[in-house]
Amino acid sequence: MVLGATGKSGRRLVPLLREQEVKVRAASRRGIAGTAYFDWDKPDTFEAALAGVDAVYLTPPELVVDPTGHTGPFLAAAAQAGVERVVAVTSMGVAFPNEGPGTGRYELEQQVMASGLEWTILRPSGFNQNFSEDFFLPGILGADMIATATGDGAVGFVDAEDIAAAAAAALLDEGHTGKIYDVTGPEAMSFAEAAAIIGQAAGRSIAHRQITGEEFTQLLVGAGLAPDYAAIVVGNQLAIRDGFGSAISDTVPRLTGRPARTFADYAAKAAPSWARPIPSA
């Protein structure tokens, strides 16, 4: 079963597994065609979704500071249903010095480890697709700008397709039980460097605006993000500013047998996402 099957990594993982002739149950609370209904807020949906499943790709509920109130009952239900393996996605931010034990995603990892299932944990760095499918896209389209509190700090941006490919290997191949993998792209770069590559692909200049953590918090909360979750995002950005987000791993080539996708290759493919709408007459 793939949780978050309509999300950035889940919707790329489902076809990868099916290409390998794996029987996949795509689960989503959106109730769209081709997915099994699953809702983190409705534990009575767990049993039917888990029936006959032997492995789970677990992405926690979105925008929840501490997901363990949801994931704990789910993992218990999975064990009772006979699930054998879980591959869970958290974040490289779990290991940032300003994070520390006791945070929601740290406790999620502890839950997974204590679940009694064979487990693997994937800790991705910043997703490439955050620029073309998520919270950096409005600034690019509306102001030709990416605003962050990361300063000149570098990130090993990773493509969602590579996260999906690493997840497929962890679900299907032997040797990944009990492993925690950082999942990054092949190179670390600053947001200014990423903006320049996006600008080249989009055919116009895209600037990186450096703002303070307080300004970024106001921006996120003004856009509707809960203050406690905004604090996590800003904490990650400040850790990147301080140099803790630049590590590069070999997880993608080691698990998939091919190089991780470069940011330039991603930007070239994603360029239509940054095209401005043509004004109506």
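See the structure shown above.
Just so we're clear, the structure is a prediction, and the values are computed from it rather than from any experiment. (Residues numbered from 1 in each chain as written. Predicted model: local features only at pLDDT ≥ 70, side-chain atom pairs only at ≥ 80, totals over all residues. Heavy atoms only, no water.)

Enquirer: What am I meant to see in the packing of aromatic side chains here?
Expert: Two aromatic rings are characterised by how far apart their centres lie and by the angle between their planes. The final tally for this structure, using the stated rule, is 16 aromatic pairs. Between the aromatic rings of F131 and F136, the centroid separation amounts to 5.1 Å while the plane-to-plane angle is 20°, which identifies the pairing as stacked. For the pair shown, F131 and F136 are each scored as buried. Ring geometry for F131 against F191: centres 5.9 Å apart, planes inclined by 50°, an arrangement best described as tilted. Here F191 lies in helix α7 (residues 191-202) and F131 lies in the loop between β5 (118-124) and α5 (137-143), a separation of 60 residues in the sequence. (Phe/Tyr/Trp six-rings, centres within 6.5 Å; stacked < 30°, edge-to-face > 60°. Buried < 20%, exposed > 50% of the residue type's maximum accessible area, 1.4 Å probe, protein only. Helix = DSSP H or I, 4+ residues; strand = E, 2+ residues; numbered from the N terminus.)

Enquirer: What exactly am I supposed to notice about helix α8 (residues 213-222) here?
Expert: Note: α-helices contain 3.6 residues per turn, so residues at a spacing of three or four share the same orientation. Looking only at α8, the buried set comprises G213, F216 and L220. Across the axial projection of α8, the buried residues extend over an arc of 60°, all falling on one side. Exposed residues pointing more than 90 degrees away from the buried face of α8 are listed as E214, Q218 and G222. The secondary structure elements touched by the buried residues of α8 are β6 (145-148) and α9 (227-241). One or two residues past the end of α8 sits G224, with phi positive at roughly 105°. (Arc of directions from axis to C-beta. Contact = heavy atoms within 4.5 Å.)

Enquirer: What exactly am I supposed to notice about the nonpolar core here?
Expert: Nonpolar side chains tend toward joint burial in soluble globular proteins. In terms of nonpolar packing, the biggest core is built from 28 residues, with V2, L13, L17, Y57 and L171 touching the most fellow members. Elements with a minimum of two residues in this core: α1 (10-19), β3 (55-58), β4 (85-89), α6 (160-172), β8 (179-183) and α10 (251-256). When residues of this core are assigned to their parent elements, the largest contribution, nine residues, is made by α6. Residues in contact with L13, not counting those within four places in the same chain, are V2, Y57, A164, A167, A168 and L171. Among the nonpolar cores identified, the runner-up in size contains 22 residues, and L3, V56, L117 and W119 belong to it. (Core = buried A, V, L, I, M, F, W, Y, C linked by side-chain atoms within 4.5 Å.)

Enquirer: What am I meant to see in the environment of Q210 here?
Expert: As for its placement among the helices and strands, Q210 is situated in strand β10 (residues 207-210). Sequence separation of Q210 and F191 is 19 residues, and the distance between their C-alpha atoms is 9.3 Å. At 3.2 Å, the side chain of Q210 forms a polar contact with the side chain of D152. (Polar contact = N/O pair within 3.5 Å; in protein donor to acceptor, adjacent residues only side chain to side chain.)

Enquirer: Could you clarify how one ought to interpret the packing of helix α3 (residues 68-81) against helix α4 (residues 104-113) in this entry?
Expert: Pairs of packed helices are described in terms of their axes, by the angle between the two and the distance that separates them. Direction vectors running N to C along α3 and α4 enclose 10°, while the axes themselves pass 10 Å from each other. Regarding the angle of α3 to α4, the classification is roughly parallel. Contacts between α3 and α4 involve T68, T71, G72 and L75 from the first element and G104, E107, L108, Q111 and V112 from the second. Residues belonging to the contact of α3 with α4 are distributed by class as follows: three nonpolar, five polar and one charged. (Axes fitted to C-alpha atoms, helices over the stretch in contact; angles between N-to-C directions. Parallel < 35°, antiparallel > 145°, perpendicular 65-115°, else oblique. Nonpolar A, V, L, I, M, F, W, Y, C, P; charged D, E, K, R; others polar.)

Interpretation in functional terms is not warranted from these geometric data alone.
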